[in-house]
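# A structural walkthrough
Here's the letter readout for the chains.
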Amino acid sequence: MTPTEQTLLPAATVERQEPALRSEPEPIDHGPGARRKSITRWFQPQLALPLFGLGSWAYGVSHLRPTGIGVYGLLASGSVWFVVGLVLLLAGFLLELRREARTWLLGLQLVGLIVAIHSTVPIIFNAPEYAWVYKHIGIASAFERYGRVTDPTNIYQQWPALFAAVAAISSLAHTNPVSFAAWAPLAFELADALLLVALFRLLVGERRIVWLAVLLYEALISWVGQDYLSPQAFGYLLWLGMALIILRWLRAPAPASGHRGRLARLQASLVAGLPPAPQTTRAMRAVAVALVATIYVAIVAAHQLTPYMALAGVGALTVLDLVRPRWLLVLLAAIAGGYLALHYDLIAQQFGGLFSGGNPLANAGGPRGTAHASSGAIASARIVDGLIGSMWLITFAVVARRRRRLGHVAIPAALAFSPFVILLAQSYGGEAIYRVYLFSAPWCALLIAGALCQLRPRLRWPLVACVSVVALFAGLQGLYGPVTVNAFTPRELNASTWLYSHTPRGSLVVLPVDNFPALETADYNDYDVQVMPADPQLGPSWMDEGNLSEVESWIGSLGHRTAYLVVSRSMNAWANFYGAPQGYAELVRQLPSAAHGSVVYHNNDASIYRINVTGAN
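In short, a report on the structure. (Residues numbered from 1 in each chain as written. Predicted model: local features only at pLDDT ≥ 70, side-chain atom pairs only at ≥ 80, totals over all residues. Heavy atoms only, no water.)

Counting residues in each nonpolar core, the largest one holds 150 residues, and the members touching the most others are Trp 239, Met 242 and Tyr 437. In terms of residue count, helix H19 (residues 432-454) provides more of this core than any other element does, 15 residues in total. Ignoring anything within four residues of it in the chain, the contact list for Tyr 437 reads Leu 220, Ile 221, Trp 223, Val 224, Leu 387, Ile 388, Met 391 and Trp 392. With 34 residues, the next largest nonpolar core counts Met 543, Leu 548, Val 567 and Met 571 among its residues. (Core = buried A, V, L, I, M, F, W, Y, C linked by side-chain atoms within 4.5 Å. Buried < 20%, exposed > 50% of the residue type's maximum accessible area, 1.4 Å probe, protein only. Helix = DSSP H or I, 4+ residues; strand = E, 2+ residues; numbered from the N terminus. Contact = heavy atoms within 4.5 Å.)

Moving on: the sheet that holds strand E2 (residues 528-531). Taken together, the five strands give an open sheet; going across it, the order is E2-E1-E3-E5-E4, and neighbouring strands pair in mixed fashion. Looking at strand neighbours, the two that pair on one side only are E2 and strand E4 (597-603), the edges of this open sheet. Put simply, the sheet's adjacent strands are angled 25° from each other on average, direction ignored. Pairing of strand E3 (residues 562-568) with strand E5 (residues 606-612), which is carried by seven bridges, proceeds in the antiparallel orientation. Looking at E5, one finds that Val 567 is bridged to Ser 607. Sheet strands in contact with helix H22 (residues 490-502) are strand E1 (508-511), E2, E3, E4 and E5, and its direction is about 135° off that of E4. Sitting on the sheet, helix H24 (residues 569-578) touches E1 and E3, and the angle it makes with E3 is about 65°. (Pairing = 2+ DSSP bridges. Axes fitted to C-alpha atoms, helices over the stretch in contact; angles between N-to-C directions.)

With that out of the way, let us pick up the side chain of Ser 374. Looking at the secondary structure, you find Ser 374 in the loop between helix H16 (360-363) and helix H17 (375-401). Of the polar contacts made by the side chain of Ser 374, one reaches the backbone nitrogen of Ala 377; its length is 3.1 Å. When neighbours within four sequence positions are excluded, Ser 374 is seen to be in contact with Val 71, Asn 576 and Phe 577. (Polar contact = N/O pair within 3.5 Å; in protein donor to acceptor, adjacent residues only side chain to side chain.)

For the rest of this paragraph, the subject is the environment of Tyr 228. Here Tyr 228 shows up in the loop between helix H10 (207-221) and helix H11 (231-249). On the basis of relative accessibility, which here comes to 9%, the residue Tyr 228 falls in the buried class. Taking the C-alpha atoms as reference points, Tyr 228 and Glu 129, 99 residues apart in sequence, are found 7.7 Å from one another. Apart from the residues within four sequence positions on either side, Tyr 228 is in contact with Tyr 130, Trp 132, Val 133, His 136, Ala 184, Pro 185, Phe 188 and Ala 233. For Tyr 228, the side chain forms a polar contact with the side chain of Trp 132, separated by 3.1 Å.

A few words now on helix H13 (residues 282-300). A rise of 1.5 Å per residue sets the reference length of H13, with its 19 residues, at 27 Å; its end C-alpha atoms lie 27 Å apart and thus fit the reference within 8%. All buried positions along H13 are accounted for by Arg 285, Ala 288, Val 289, Val 292, Ala 293, Ile 295, Tyr 296, Ile 299 and Val 300. (Expected span 1.5 Å × (residues − 1).)

Our focus in this paragraph is unusual backbone geometry. Look at the link from Arg 324 to Pro 325: it is a cis peptide, with omega at 0°. Take Pro 325: it is sitting in the loop between helix H14 (306-319) and helix H15 (327-351). Pro 581 follows Ala 580 through a cis peptide bond whose omega is 0°. By the element assignment, Pro 581 lies in the loop between H24 and helix H25 (584-590). For Asn 126, which is not a glycine, the phi torsion comes out positive at approximately 60°. Examined against the element boundaries, Asn 126 turns out to sit in the loop between helix H5 (103-125) and helix H6 (131-146). The class of Asn 126 is exposed, set by a relative accessible area of 58%.

On to the packing of aromatic side chains. Evaluated as defined, the whole model comprises 19 aromatic pairs. Among the aromatic residues, those joined into a cluster by ring pairs are Trp 223, Trp 392, Phe 417, Phe 420, Tyr 434 and Tyr 437. (Phe/Tyr/Trp six-rings, centres within 6.5 Å; stacked < 30°, edge-to-face > 60°.)

Taken together, the side chains of Tyr 59, Val 80, Trp 81 and Val 84 define a hydrophobic patch exposed on the protein surface, amounting to about 400 Å² of accessible area. Topologically, Tyr 59 is positioned in helix H2 (residues 45-62). For Tyr 59, a relative accessible area of 44% corresponds to the partly exposed category. (Patch = residues over 30% accessible without salt bridge, like charges linked within 9 Å, V, L, I, M, F, W, Y side chains within 5 Å. Areas by Shrake-Rupley, 256 points an atom, 1.4 Å probe, with all protein chains shown as cover. Salt bridge = Lys/Arg side-chain N within 4 Å of Asp/Glu carboxyl O.)

Okay, structure coming up:
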């Protein structure tokens, strides 16, 4: 093991090589016994379990239907073969990790598990997940058609990096983004895992820790749902690439002995035991700085929040004097600040400014639920809350245990806790805590994996198995619990396509719930899309959707003579899962015979009503 491959843990804790790895090669046996051994080798559990796991998963998925999924999600409503398949895939990975830890086999099994996790929903529903993905598709379609920003007041178009990239891919491939958007989570997760393997190998010499950390990351992060076709997923992938360059080529040399001053002594104590930085040349560092700056420009142009998450991580490493040159932080801050200054008027106009109260506890609160949420929604939320709290508590305990020689965990600890700085300024519409979790999770997973692999053998593997199973299925419950709400069917997508291809531009489109694949193609802002204010979270302004006269009065106040009102399967699932809007079912019941309108489109999953508005202003 070279000096640059030192583990996060003390040298004494690194597992010794197996004696067989140092023994002399045995004589080659070409007889029948050798053939039997060769055949037996390929039927080892480490190889058989993933194959049976993928087969069981595929068989289970083939029996899943959208109509058979309840409020507790896929894990509770799915075929037992689906769950068994996931268990076998995880078991095969852990068994190989314990015995031989062959890199190629661990990699294949991890890919199989990622494919199983993130292919299930696209296979079942056959359409992109999440309503806001369709907004992103609309922006990308506009870029593909017009080749420029068409609406300077649209905040998405002012951060255009992802949309321009998707438009370019769509144009070159001669395909609509809808055809590949459903598979974006799988693509992003595979790319993230590849970068994380490279990142963790820079910090840890023991490959078991590396692969266990990536497994835990995939389990911990699955529920966040930030890997769909979005600027966040794009920016996060770029941040991991940027971090890889920094940790490989821009690490500072080990601090010299004989520090003077309190600050220098404090810094020395924080990095005591830090593994030496990889050797680099001046030219290599110059190229690395240029690459980091280039990637950061793309991040800044892609997403509003990710640049500051990345800046917090680089800032933490700079404060610990782990990054050179130190002025890299100033350069990145100038890039982010310059772009923000050019667009600050738009942010101030639409969101009231950069800060949201400066209350970290309130900013970390997340979106509020409703008092009438289903038992499935409450159960999924509690499981996810437990997963969040457990991850950070265990990580804090691991760092505290290393308090006398923090250098062993300095880099991952700095990157794990630096994202919390964002909560001092922003709630990000209630989602800031989820973004903090996203950026913190890789480094927490690395620290937890290192602590688990340090345990005594009798405790190590039972705890590794327990933690892996709990993390995986807790994360999957968070991911699959609201799947009937987040996912859409091809029939709903057909209704959206009909709506925006058969209604006049400028028409009023009314949604009882903001959960519909609003596929507005290349004319993103050519329709007046309004969502009924029927969510009790809105306070005294909310209305009762079941009161048809109140609904008609509200639509009339929007100033249109005609409105197109859409109801769908996913809206009904939203109302059942979250308990709001409470009057949705009554509204749907009354619509066929009231509201001065008629059905202009209908299929089994969606209906569109043309309403003649009375009393329009």
